[in-house]
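So the chains spell out like this:
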Amino acid sequence: MPGFQPTVAVLTALPLEYKAVQAHLTDVRKREHPRGTRAAIGQLPGTPWSVALVEMGEGTLTAAALTERVMTWLEPQAVLFVGVAGGLKSDIGLGDVVVATKVYGIHGGKETPEGFLVRPEAWRASHRLTAAAREALRDDPHAHLKPIAAGDVVLAAPESALAEHLRRHYNDAAAIEMEGSGVVSAVDLAGGDALVIRGISDRADADKSRTDGEGWQPRAAENAAAAAVAVLRELRPFRGGRVGGSDREVEDSEEGPHRGATGATYGGDHLDFRGSTFNGPFVAKRVDRER
């Protein structure tokens, strides 16, 4: 389809995360949803991607609602949620990046006389996006593909009940943040591909205010944005559908004969209506002329 350019949505919660991603884009223009949501649409140089950048604000419910809106409004081929998080592992340093292979929703459970019974929720990252991340970040010692935990809470006390809850029930989580479960659950319900990429800006402990004051948030956001760009440089657009019960990339050359679903080749003159929309009758007229 002439002029076709696939879109990927990059979502952030905070202004500094938004600015870190925006710094990589060119030819940025603004779009506004009828209900007021704003998106900056830009090009990512060196890739086929048009990037729709949206700052959603904080909170899981907000993230879920606005992610669903972005999915139906902009129809992205993939969604990346990019920003900062608190680190939960001593071997992952400040400024390192965690790409979530799995996102835990940490607040599900049942309170009983015997104690709190965990009813965990988890969403696995898109295999297509995870494979691109592994390829793009394989040689980066500061990038880690690990599970993360998500909940509507800021953790700043390593000896708290929440910290113990994470150690006991989600002890493979490498980071904690607030909105990831809302994003990935909304994308999952829409049948899409999502990936959460977080830069470590603090240790989720009492020193959080100090590390924030030392400028680790913008540094972590910049590193997460750079990792997201690396993933998009590796990721190939998917312009296909389900054929024969399996996903495959569909050939879409603009010139020459085209193949049908059975593999037959159409020769001679033809009309290609792929991606077209008609709001009224379509009339074709053939005009013979010398070639």
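Structure: see above.
The rules behind these values
- Residues numbered from 1 in each chain as written.
- Predicted model: local features only at pLDDT ≥ 70, side-chain atom pairs only at ≥ 80, totals over all residues.
- Heavy atoms only, no water.
- Helix = DSSP H or I, 4+ residues; strand = E, 2+ residues; numbered from the N terminus.
- Buried < 20%, exposed > 50% of the residue type's maximum accessible area, 1.4 Å probe, protein only.
- Contact = heavy atoms within 4.5 Å.
- Areas by Shrake-Rupley, 256 points an atom, 1.4 Å probe, with all protein chains shown as cover.
- Salt bridge = Lys/Arg side-chain N within 4 Å of Asp/Glu carboxyl O.
- Axes fitted to C-alpha atoms, helices over the stretch in contact; angles between N-to-C directions.
- Parallel < 35°, antiparallel > 145°, perpendicular 65-115°, else oblique.
- Left-handed = near helix turned anticlockwise from the far one by under 90°.
- Nonpolar A, V, L, I, M, F, W, Y, C, P; charged D, E, K, R; others polar.
- Expected span 1.5 Å × (residues − 1).
- Core = buried A, V, L, I, M, F, W, Y, C linked by side-chain atoms within 4.5 Å.
- Pairing = 2+ DSSP bridges.

Engineer: Quick one: what's the story with the overall build of the protein chain, residue by residue and with numbers?
Structural biologist: From N to C terminus, the protein chain includes 7 helices and 16 strands. Here the protein chain, with 291 residues, has 45% of them falling under the buried criterion. Nonlocal contacts in the protein chain, meaning residues at least 24 apart in sequence, comprise 72% of its contacts between residues at least 6 apart. Approximately 16,100 Å² of the protein chain is accessible, and the part contributed by carbon and sulfur atoms is 49%.

Engineer: Which residues make up unusual backbone geometry, and what values go with them?
Structural biologist: The residue D27 is not glycine, and still its phi comes out positive at about 50°. Secondary-structure assignment places D27 in strand β2 (residues 26–32). In this model, A204 sits at a positive phi of 55°, which is unusual for a non-glycine residue. Within the secondary structure, A204 sits in the loop between β12 (194–202) and α6 (208–213).

Engineer: Now, about the pattern of salt bridges: what can you tell me, with residues and values included?
Structural biologist: In total, this model carries 10 salt bridges according to the counting rule given. One salt bridge in this structure joins R167 and E164, with 3.4 Å as the shortest N-O distance. Separated by 3 residues within a single helix, R167 and E164 lie in helix α4 (residues 161–169), roughly one turn from each other. Given the relative accessible area of 35%, E164 is considered partly exposed. In this structure, the salt-bridge partner of D207 is R210, at a minimum N-O distance of 3.7 Å. A relative accessible area of 36% means that D207 is categorised as partly exposed. Relative accessible area serves as the criterion here: at 45%, R210 is assigned to the partly exposed category. Through salt bridges with shared partners, one network takes in E164, R167 and R168.

Engineer: Run through the packing of helix α1 (residues 15–22) against helix α7 (residues 216–234), naming residues and quoting values.
Structural biologist: At a closest axis distance of 8 Å, the pairing of α1 and α7 adopts a crossing angle of 40°. Relative to α7, the element α1 lies oblique. Like other packed secondary-structure pairs, α1 and α7 cross with a definite hand, here right-handed. Note on element contacts: α7 touches α1 through Q217, P218, A221, E222 and A225, opposite L16, E17, A20 and V21. When its residues are assigned to classes, the contact of α1 with α7 shows 6 nonpolar, 1 polar and 2 charged.

Engineer: Mind laying out α7, listing which residues take part and the relevant values?
Structural biologist: Taking 1.5 Å of rise per residue, 19 residues should cover 27 Å, and α7 covers 27 Å from first to last C-alpha, within 8% of that figure. Of the positions making up α7, those classed as buried are W216, Q217, A220, A221, A224, A225, A227, A228, V229, V231 and L232.

Engineer: Please give an account of the nonpolar core that cites residues and values.
Structural biologist: Nonpolar side chains in soluble globular proteins tend to end up buried together. Ranked by internal contacts, the top residues of the largest apolar core, which has 68 residues, are L11, L80 and I197. Among the elements that line this core, the one with the most residues is α7, at 9 residues. Sequence-distant contacts of L80, defined by excluding residues within four places in its chain, comprise V8, A9, V10, L11, L129, L195, I197, A228 and L232. Judged by nonpolar contacts, the second largest core, of 11 residues, contains A149, L166, A173 and A204.

Engineer: Tell me what's going on with the pairing of strand β6 (residues 97–105), and back it up with residues and numbers.
Structural biologist: Among the 9 residues of β6, 9 are classified as buried, and the element is accordingly described as predominantly covered. Alignment of β6 against strand β10 (residues 143–150), held across 7 bridges, turns out to be parallel. Bridge pairing links V98 to H144 in β10. Both β6 and β12 contribute to a ladder of 3 bridges, which runs antiparallel. Each residue of the ladder has a partner; that of V98, found in β12, is R198. Where β6 lies against strand β9 (residues 121–124), 4 bridges are found, and the strand directions are antiparallel. If you follow G105 over to β9, its bridge partner there is E121.

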